[in-house]
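Single-letter residue listing:
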Amino acid sequence: MSNRYRTHNCNELRKKHVDTNVVLSGWINKKRDHGNLLFIDLRDNYGITQCIIEKENSNFRELEKTQLETVIRIEGKVVNRSKETVNNEISTGEIEVGIIKFDVLGACRELPLPVFSDQEYAEDIRLKYRFLDLRRKKIHENIILRSKVISYIRSEMNNLGFLEFQTPILTSSSPEGARDFLVPSRLNPGKFYALPQAPQQFKQLIMVSGFDKYFQIAPCFRDEDARADRSPGEFYQLDLEMSFVEQEDVFNVVEELLINTFKQFSNKKILFNKFPRIKYKESMLKYGSDKPDLRNPLIINDITEIFLRDDVKFEIFKKLVKSGSKVRCIVTKKTKDRPRSFFDNIDKWAKEQGASGLAYFTFENEKKLSGKGPVGKFFSEESLREIMNITGAEVGDSIFLACSKQKELEKITSIARDKIAKDLEIIDNSVFAFCWVVDYPMFELNDLTKKIEFSHNPFSMPQGDINQINFENPLDILAYQYDIVCNGVELSSGAIRNHIPELMYKLFSIAGYTKKDVNEKFSGMINALSYGAPPHGGIAPGIDRIVMLLAEEKNIREVTMFPMNQNAQDLMMNAPSDVSEKQLKELNINLKNKK
RNA sequence: GGGGGUGUAGCUCAGUUGGUUAGAGCGAUCGCCUGUCACGCGAUAGGUCGAGGGUUCGAGUCCCUUCACUCCCGCCA
């Protein structure tokens, strides 16, 4: 394309263009002013071209005074660079453009933040001037990556026979799950729409409507507090659903899609081409978490039984165990020569995390097997042998012990596993380790209310023969409910859905909902399921987190074009904002606390 | 809602035990410089030390309150 603004972009000119007249437009990325000779690095989306002007040119003075980040148009001639002045850092580095004349297309005031810099800047300034921030190299590339990942996924899904549909953005509030964003209805005074937390019910209705395979790059809205890896307000999922499938069918589609996508956009190795399946219960024990980072080789073991032995004298732990606590441990290989400070730092760190610390000792065998370290003396030779049996520990290895009630224990061992591995530098950063976490329980006990609640998704199908389910022990019922995890990041959860209304009523009744409740709160769904619903299931991987992993970013705002800050404010657009009395009146809304 | 961190020039930061007129680099303005690619050199402007209160002869520094941003817990079926 060639027009009045440009004949080429800023990443196009090469040696073969030498002597041709060109027109380039772009931003002044950088100036280097030698007084009688001025270098301009001209930047556009595609790259940088060095342009040069000499004092003899009547435009020299004006260009010399032009601000960085001004948009200019340059007419000039491509010239060869001498060998010594070639810049191999940029792809146009063999040539430069001798400026004949230039025009200012878009003037620029003094910058609130520099564009040409690798420094980090305060988040509020970046967000307020996001359009400047987005010109910067790293984030500009992240956003382009995001675009490419989404198009790639879209075309892969099409190839796999999925149909893309849009679902409503204005829908109804759902009783389960996160806090809803509400939108007042003008035509229905006093009533509210809700923005969808996910198109969960719609995608199931799409299956009932007979479309077989659906996907959507779906915006999801949840009014919950932010985290580094969680935008406040809105985020995107690759939402997908399939009819007449079992769990394994969903897994196959997702594994293929993710492997292809990650291979396409990253050079990192994918550790497992068949993603390991880890039972929820096993994951909570071995990793203390339902989002295990499998790059980390450390494993947690339960050694509570050791503390019931008479030849173990570790009285604090023994006492706690008697009152229902458990003991779990992490063994580190060949750490006997680590300095005392290594162990004490971890113990100190654990205390900072609110735990009572981590006890530790090292297995030694001088004359006889013994535990070396502050609490080593409490263990008999026999008991040490038994611990080695359970954990696979060997002489020369060390062991960290924590004792607590199960939930706290899972929490502390989980973060300790991470911390110890980081200190030992045994996490391989050059790989992606995916896994499935499967066999989630259908229900769980709320510790505070002592009531039984759905542990994940109330629409999940319970496992086993549906005519033989033991509803007497609801906490034992497992669901066809699964999560996919990569490098300790939860990418998504999904499930085979419950498409049988009677079973749905039964399960909801266990969680304290009457048939009437279900009919009212999920009317669309339950109604649809009673008119011939196919068995179906799906999943919804988070797009933002996939791009985060591919871009190797720790913060979701680095892969989001126009994010809100932690208080869910858009500093650039000034959202949320006040609205006029007239608008409120139309919506039948009175504000309680007027300014 | 709770806990941690940060807040000093347009930007990134330094600032000793509380002690003279609060500094540097980048950016801006002015001048010099023909081969740089983070060009170089010289000069100038630019500060409510986040805000308010307190202790003190004296506060950027110590104490209290508060605000903003950020990280975490809660929350996120």
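The structure displayed is predicted, hence computed values, not measured ones. (Residues numbered from 1 in each chain as written. Chains lettered and ligands numbered in written order. Predicted model: local features only at pLDDT ≥ 70, side-chain atom pairs only at ≥ 80, totals over all residues. Heavy atoms only, no water.)

### Digging into the confidence of the model for chain A
Operational definition: The quantity known as pLDDT measures the predictor's confidence residue by residue, on a range of 0 to 100. A run of H or I in DSSP becomes a helix once it reaches four residues, and a run of E becomes a strand once it reaches two; helices and strands are each numbered from the N terminus.
Averaged over chain A, the pLDDT score is 93; the fraction of residues at 70 or greater is 99%. The lowest-confidence element of chain A is helix H9 (residues 340–352), averaging 85 in pLDDT; the highest-confidence one is strand S6 (residues 163–164), averaging 98.

### Considerations on helix H4 (residues 137–159)
An α-helix turns once every 3.6 residues. As a result, residues three or four positions apart point the same way. Heads up, the condition is: One less than the number of residues in a helix, times 1.5 Å, gives the span that helix is expected to have. The buried label goes to any residue with under 20% of its type's maximum accessible area, the exposed label to any with over 50%, and the partly exposed label to all in between, with areas taken from a 1.4 Å probe on protein chains only. Throughout, a contact is declared for two residues whenever any of their heavy atoms are within 4.5 Å.
The first and last C-alpha atoms of H4 sit 33 Å apart over 23 residues, in line with the 33 Å expected at 1.5 Å per residue. For H4, every residue scored as buried is listed here: Ile139, Asn142, Ile143, Leu145, Arg146, Val149, Ile150, Tyr152, Ile153, Glu156 and Met157. On the buried face of H4, the contacting elements are helix H2 (123–128), helix H3 (130–133), strand S9 (213–222), strand S10 (233–243), helix H6 (247–265) and helix H15 (543–551). Downstream of H4 by one or two residues, Gly161 has phi in the positive range, about 90 degrees.

### Side note on the layout of surface pockets
To be explicit about the condition: A pocket here means an open set of points on a 1 Å grid, computed over the protein atoms alone, that has protein on both sides within 12 Å along at least five of seven lines. A cavity is instead a set of points where a 1.4 Å probe fits but cannot get out; residues with an atom within 4 Å of a point line either one. Grid points are joined across faces, edges and corners, and a volume is the space filled by probe spheres set on the points. When residue character is reported, Ala, Val, Leu, Ile, Met, Phe, Trp, Tyr, Cys and Pro are called nonpolar, Asp, Glu, Lys and Arg charged, and the others, Gly included, polar.
Considering only enclosed or pocket space, the second largest pocket measures out at about 1,100 Å³ in volume. Asp118, Arg135, Arg136, Lys137 and Lys138 are, among the 37 residues lining the second largest pocket, the residues nearest its centre. Elements that contribute at least two residues to the lining of the second largest pocket include exactly strand S1 (21–33), strand S2 (37–43), strand S3 (48–54) and H4. For the lining of the second largest pocket, a count of residues per class yields nine nonpolar, 11 polar and 17 charged.

### Brief notes about the environment of Lys516
When you line up the elements, Lys516 lands in helix H13 (residues 515–521). Taking the relative accessible area as the measure of exposure, Lys516 reaches 58% and is therefore exposed. In the structure, Lys516 is positioned 450 residues away from Thr66 in sequence and 71 Å away in space, judged by C-alpha atoms.

### Brief notes about the sheet that holds strand S13 (residues 300–302)
Sheet strands line up and pair through hydrogen bonds in the backbone, either parallel or antiparallel. Applicable threshold: Whether two strands pair depends on DSSP finding at least two bridges between them. Whenever a helix is involved, its axis is fitted only over the stretch in contact; in every case the axis is a line through C-alpha atoms, and angles between N-to-C directions fall within 0 to 180 degrees.
Strand order in the open sheet formed by five strands is S13-S14-S17-S15-S16, with antiparallel pairing between adjacent strands. The open sheet is flanked by S13 and strand S16 (368–372), the only strands paired with a single partner. The sheet shows a mean angle of 30 degrees between the axes of neighbouring strands, direction not considered. One ladder, built from four bridges, connects strand S15 (residues 359–366) with strand S17 (residues 398–404); its direction is antiparallel.

### Considerations on the packing of H9 against helix H11 (residues 406–424)
Note the cut-off: By the definition used in this description, the sense in which the near helix is turned from the far one sets the handedness, with an anticlockwise turn below a right angle giving left-handed and a clockwise turn giving right-handed.
Between H9 and H11, the shortest axis-to-axis distance is 11 Å and the interhelical angle comes to 145 degrees. Taken as a pair, H9 and H11 cross one another with a handedness that is right-handed. In this structure, H9 contributes Phe342, Ile346, Trp349 and Ala350 to the contact, and H11 contributes Ile412, Ile415, Ala416, Lys419, Ile420, Asp423 and Leu424. Of the residues that constitute the contact of H9 with H11, the class distribution is nine nonpolar, no polar and two charged.

### Quick word on the pattern of salt bridges
Rules: Salt bridges are defined by distance alone: a side-chain nitrogen of Lys or Arg within 4 Å of a carboxyl oxygen of Asp or Glu.
In the structure shown here, the tally under the stated rule is 43 salt bridges. Here Arg295 ties to Asp293 by a salt bridge, and the two come within 2.8 Å at their closest N and O atoms. A single burial state applies to Arg295 and to Asp293, both of which are buried. Among the ionic pairs, Lys516 bridges to Glu520, the shortest N-O distance being 3.8 Å. Taken together, the residues span about one helical turn, with Lys516 and Glu520 both in helix H13 at a distance of four residues.

### Examining the environment of Lys31
Here is the rule we go by: Two N or O atoms count as a polar contact when they lie within 3.5 Å, although within protein this holds only if one can serve as hydrogen donor and the other as acceptor, and sequence-adjacent residues are included solely when both atoms are side-chain atoms.
By the element assignment, Lys31 lies in strand S1. Of note is the side chain of Lys31, whose polar atom sits 2.9 Å from the backbone oxygen of Glu64. For Lys31, the side chain forms a polar contact with the main-chain oxygen of Thr66, separated by 2.4 Å.

### A closer look at the protein's contact with RNA strand B
The criterion, for reference: Here, proximity means that at least one heavy atom of the residue falls within 4 Å of the molecule or strand.
The immediate surroundings of RNA strand B are formed by 53 residues, with Lys30, Asp33, Asn36, His456 and Asn567 found nearest. Contacts to RNA strand B include Asp225, whose side-chain N or O atom sits 2.7 Å from a base nitrogen. Note that a phosphate oxygen of RNA strand B is positioned 2.9 Å from one of the backbone N or O atoms of Ala228. Elements that contribute at least two residues to the surface near RNA strand B include exactly S1, S2, S3 and H2. Of the residues in the surface near RNA strand B, the class split is 15 nonpolar, 18 polar and 20 charged.

### Description of the nonpolar core
Basically, it comes down to this: Each nonpolar core is a collection of buried residues, namely Ala, Val, Leu, Ile, Met, Phe, Trp, Tyr and Cys, held together in the definition by side-chain atoms within 4.5 Å.
Counting 65 residues, the largest nonpolar core has Leu238, Leu258, Phe262, Phe434, Trp436 and Ile484 as the members making the most contacts within it. The dominant element in this core, judged by the number of residues it contributes, is H6, at nine residues. Setting aside its immediate chain neighbours within four residues, Leu238 contacts Ile153, Met157, Phe215, Gln216, Ile217, Leu257, Ile539, Ala540, Pro541 and Ile543. Core analysis: the second largest hydrophobic core is formed by 23 residues, Ile303, Ile306, Ala393 and Cys403 among them.

### Let's talk about the side chain of Thr49
Here Thr49 is to be found in strand S3. Assessed through its relative accessible area of 0%, Thr49 is described here as buried. Within the structure, Thr49 has its side chain in polar contact with the backbone oxygen of Cys10 (distance 2.7 Å). Excluding its chain neighbours within four sequence positions, the residues that come into contact with Thr49 are Cys10, Asn11, Leu24, Ile40, Asp41, Leu42, Thr92, Ile95 and Val97.

### A word on the packing of aromatic side chains
The line we're drawing: Centres within 6.5 Å are what make two rings of Phe, Tyr or Trp a pair, Trp counting through its six-membered ring; a difference in plane orientation under 30 degrees is then read as stacked, over 60 as edge-to-face, and the rest as tilted. Look at NZ for Lys and CZ for Arg. If either is within 6 Å of the ring centre and within 35 degrees of the ring normal, a charge sits over the ring.
Counted under the stated rule, the structure contains 30 aromatic pairs. For the pair Phe307 and Phe379, a centre-to-centre distance of 5.8 Å together with 85 degrees between the ring planes defines the contact as edge-to-face. Residue Phe307 is found in the loop between S13 and helix H8 (315–322), and its partner Phe379 is found in the loop between S16 and helix H10 (381–391); the two are separated by 72 residues along the sequence. According to the relative accessible area criterion, Phe307 is buried, its value standing at 1%. Residue classification places Phe379 among the buried residues on the basis of a relative accessible area of 7%. Relative to Phe317, the ring of Phe314 has its centre 4.2 Å away and its plane inclined at 10 degrees; by these criteria the two rings are stacked. Using a relative accessible area of 10% as the deciding quantity, one classes Phe317 as buried. Taken together, the ring pairs in this structure connect Phe307, Phe314, Phe317, Phe361, Phe363, Phe378 and Phe379 into an aromatic cluster. In this arrangement the basic side chain of Lys377 is found over the ring face of Phe378, its NZ or CZ atom lying 5.0 Å from the centre. Above the plane of the ring of Tyr505 lies Lys515, whose end atom (NZ or CZ) is 4.7 Å from the centre.

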